[in-house]
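Report on the structure
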Amino acid sequence: MVRSALAIMALTIAPAALAQGATPAERVTVASPDGRITVDVGVDPDGKPDYRVFRDGKPVIAASRLGFTFTDADPLTRAIRVTGSEQTRGDDRWEQPWGERRFVTNRFNGVRVRLQETSALARVMIAEFRVFDDGVGFRIDFPEQPNLKTARIAEELTEFVVAQPGSAWWIRGGDWNRYEYIYQKTPIDAVSVAHTPITMRLDDGLHLSFHEAALVDYSAMWFKRFEGQRFRAQLSPSSQGPRVVRAAPFTTPWRTIRIAEDAPGLYDNDLELNLNEPNKLGDVSWVKPFKYIGVWWEMHLNKWTWSTGPRHGATTEHVKGHIDFAAKHGFRGVLVEGWNKGWDGPWFGGNSSFSFTEPTPDFDLKWLADYARKKGVRLIGHHETGGNITDYEAQLDAAMKLYGELGVDSVKTGYVADAGGIQAPGPDGRNVFEWHDGQRMAQHHLKVVETAAKYKVAVNAHEPIKDTGLRRTYPNWVGREGARGMEYNAWAIPVNPVEHEATLIFTRMLSGPMDFTPGVLSLSGQGDLKLNSTLAKQLSLYLTLYSPIQMAADLPENLAKYPRELAFISKVPADWSETRMLSGAIGEYAVIARKDRNSEDWYVGGVGDGTRRDTRVALDFLAPGKTYTATIYRDGDDADYRTEKRHSIVIETRKVTAADTLALTMAPGGGYAVRFAAGK
Ligand code: NOJ
Ligand code: CA
């Protein structure tokens, strides 16, 4: 079934689309397989490398420079010539061990353009572009060469000049709270410094998302606007001066531009996954998608504590109760935070010494791990580092080994420290301070994931580095946070705005799964904080915010108050063979159909913003001629997230076929979830 045919074609110079004044050999073009997207790359008349992107002949990215500055060498920006190029092509389909879809199509035309200085240094970089029908990826490859043995990169000068005006949805980059900001919508020319993915809708309706793929041993790219609609890659800082230090040969991560006619086209897009390397871990059948509950929300409500004392959450007795609840309701996992030594001090920012192997005296780790396993449940480990990776890396192997031996086959990691507050071992043995998304943390996260893999443990990182599709290469990297999740509804003022999820789907979620932790059925946080959500919307999030690990975040006693909704959560799959966004608009709503990976059942989730919205869902994704039982969980007619009726829900069943269309209304702050059970 799975074909693999990546053909590297012979060296050719493709027909040139000329920048005025350039000689033909200085520019190369490449078109997507459907011919609609073209990239033109080369050097301008001054010998500065640049590229442009067109769709249907219309500029999407105007002339944008490529280049680097170094802390110990001349800039590599001008007096450059094209000294060769080769075309590449990919046309294959590969299988995901878990994911939004089982098979991913990888089809592109590409080019590798050799750019060489005309000066005596004669340094070389190869600009490699891959052009898909729904986007473009490119990176710079530094081959081994005499005058650039080690690159100490001060700045990457890669530009993205957005060719038309429009709107942008973004969070600011380089600020203290990492990725945990409320998304803002502004004109493109009002963005300052943004994290990626950053999403744009041009005035002619074209949708773009800028991001990166395969962020390995390099600093993350922030998206900095410095005039008009001209953006540049700004690399996350390092304590060491250069933002990146790499010995040649090496490549930068891929810079990616998803290009689609509408918002669903941005979502149903595998650009970054395709640009990552295939699975390096071999047999990963031990990586299991699952749903879980936890000793967690109670801490965020201030009911119980991470620290020891009378309100300590992670006691043997409390956790046993959670295991019993999980077993009864079919949850595979029980997350336990505060189980280990180190929470009693000022742990935020790495100022306490966590032990990752020693439980607190009131927590019998081994007994609980065994008790859980006997009931078909697994404890989920927790490694909060407070951002101190010096301590963590020193214990990493022992910590993962312990979990591996106990059958604790997944761990949530955490890096609670302000941006720039990661403590890492410095060159003289003393700690230095790093950024959550700098080169040092890119290295760290892979070290954690690889060490965990050695012991067959899956990783879910909080306060992480952003997702760049590395789950393809390391399929045990099952989840991460990296945005404002549910926890903000427990304690933050303001809580997540009502359109937050409908924005996340078209921004943060384009990068990969998120451990958002839905399922707060009580719809309340601390004190009188209320979620901007109806009850039906909580159910919809299991279908609209994709993750192979999904939490039911509320306290077990609250979940138990909603037995029908709890039954839905306990049965909804977390692994899919197909995913298709049926309709949606950024920050307004999304309707997504997914097929269960382990049965013939389909599901549809819809989530909206603060307005009432009527949607029509054509069921033509169902198998033709088959009858399905649709169980619909929708907002009651009087449901409204701003009133006492936020819990109003209707649960109804109907027989349907692929020829039917369902009319479904989302209340303000609402949504819906539908299960289509095949042949039942
Ligand atoms: C922040 C994480 O996002 C949250 O889930 C966790 O409970 C705390 N850190 C403590 O580790
Ligand atoms: Ca967090």
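A brief look at the structure comes next.

This brings us to the overall build of the protein chain. Scanning the protein chain for helices and strands turns up twelve helices and 39 strands. Here the C-alpha radius of gyration of the protein chain, 25 Å, is about what a compact globule of 680 residues would show, namely 26 Å. Taken along the three principal axes of its C-alpha coordinates, the protein chain extends 75 × 65 × 45 Å. Residue burial in the protein chain is summarised as follows: out of 680 residues, 64% are buried. In the protein chain, the share of contacts with a sequence separation of at least 24, taken over all contacts with a separation of at least 6, comes to 70%. Of the accessible surface of the protein chain, which amounts to about 23,500 Å², a share of 50% is contributed by carbon and sulfur atoms.

Okay, helix 6 (residues 389–406) next. Across its 18 residues, helix 6 extends 24 Å between first and last C-alpha, which sits within 8% of the 26 Å expected from 1.5 Å per residue. Along its length, helix 6 shows its largest kink, about 55 degrees, at L396. Among the residues of helix 6, I389, Y392, E393, Q395, L396, A399, M400, L402, Y403 and L406 are the ones counted as buried. Tucked inside the fold, the buried residues of helix 6 contact helix 5 (365–374), strand 25 (378–384), strand 26 (410–414), strand 27 (422–425) and helix 7 (439–454). Capping the start of helix 6 is the job of one residue whose side-chain oxygen sits 3.1 Å from the backbone nitrogen of T390: N388. Positive backbone phi, approximately 75 degrees, marks G407, located one or two places after helix 6.

Right, let's talk about the coordination of the calcium ion (ligand 2) for a bit. For the calcium ion (ligand 2), the full set of protein donor atoms is E180 (OE), E463 (OE), E481 (OE), E481 (OE) and E487 (OE), at a range of 2.3 to 3.1 Å. Its six donor atoms give the calcium ion (ligand 2) angles of 51 to 157 degrees at the centre, a pattern that matches the irregular case. Sequence spacing of the donors to the calcium ion (ligand 2): E-x282-E-x17-E-x5-E. Of this pair, E180 sits in the loop between strand 13 (166–170) and strand 14 (184–187) while E481 sits in the loop between strand 30 (477–480) and helix 8 (487–491), placing them 301 residues apart in sequence. For E481, a relative accessible area of 2% puts it in the buried group.

Here the focus is the site of ligand 1. Close to ligand 1 lie 13 residues, the nearest being H300, E337, E384, K412 and E487. Within the contact set of ligand 1, an oxygen atom lies 2.5 Å away from a side-chain nitrogen or oxygen of E337. At 2.8 Å from an oxygen atom of ligand 1 is found a side-chain nitrogen or oxygen belonging to E487. The protein chains hide 95% of the 300 Å² of surface that ligand 1 would expose on its own.

Right, let's talk about helix 10 (residues 535–544) for a bit. Most of helix 10 sits out of view: ten of its ten residues are buried. Regarding helix 10, the residues found buried are L535, A536, K537, Q538, L539, S540, L541, Y542, L543 and T544. Its side-chain oxygen 3.2 Å from the backbone nitrogen of K537, T534 forms the N-cap of helix 10.

Take the sheet that holds strand 30 next. The seven strands are arranged 30-29-26-25-24-23-31 in an open sheet whose pairing can be described as parallel. The open sheet terminates on both sides in strands that have one partner only, identified here as strand 30 and strand 31 (549–551). Pairwise comparison of adjacent strand axes, ignoring direction, gives a mean angle of 30 degrees for this sheet. Across the sheet, helix 7 lies against strand 26, strand 29 (458–461) and strand 30, angled at about 150 degrees from strand 29, the strand it touches most.

As a further point, take the packing of aromatic side chains. Applying the stated rule across the entire model yields 30 aromatic pairs. For the pair F210 and F223, a centre-to-centre distance of 4.9 Å together with 35 degrees between the ring planes defines the contact as tilted. Within this pair, whereas F210 is found in strand 17 (residues 207–213), its partner F223 is found in strand 18 (residues 221–227), the two being separated by 13 residues in sequence. What makes F210 buried here is its relative accessible area of 0%. The lysine or arginine in question, R232, covers the ring of F226, its NZ or CZ lying 5.7 Å from the ring centre. In this structure, R480 is placed above the aromatic ring of W477, and the distance from its NZ or CZ to the ring centre is 4.0 Å.

Parameters at a glance
- Residues numbered from 1 in each chain as written.
- Chains lettered and ligands numbered in written order.
- Predicted model: local features only at pLDDT ≥ 70, side-chain atom pairs only at ≥ 80, totals over all residues.
- Heavy atoms only, no water.
- Helix = DSSP H or I, 4+ residues; strand = E, 2+ residues; numbered from the N terminus.
- Rg over C-alpha atoms; globule rule 2.2 N^0.38 Å.
- Buried < 20%, exposed > 50% of the residue type's maximum accessible area, 1.4 Å probe, protein only.
- Contact = heavy atoms within 4.5 Å.
- Areas by Shrake-Rupley, 256 points an atom, 1.4 Å probe, with all protein chains shown as cover.
- Expected span 1.5 Å × (residues − 1).
- Bend = angle between axes of the 7 residues up to and from the residue.
- Polar contact = N/O pair within 3.5 Å; in protein donor to acceptor, adjacent residues only side chain to side chain.
- Donors = N, O, S within 2.8 Å, 3.2 Å for Na, K, Ca; no water.
- Tetrahedral: all angles 85-135°; square planar, octahedral: opposite > 155°, others 65-115°.
- Near = heavy atom within 4 Å.
- Pairing = 2+ DSSP bridges.
- Axes fitted to C-alpha atoms, helices over the stretch in contact; angles between N-to-C directions.
- Phe/Tyr/Trp six-rings, centres within 6.5 Å; stacked < 30°, edge-to-face > 60°.
- Lys NZ or Arg CZ within 6 Å of the ring centre and 35° of its normal.

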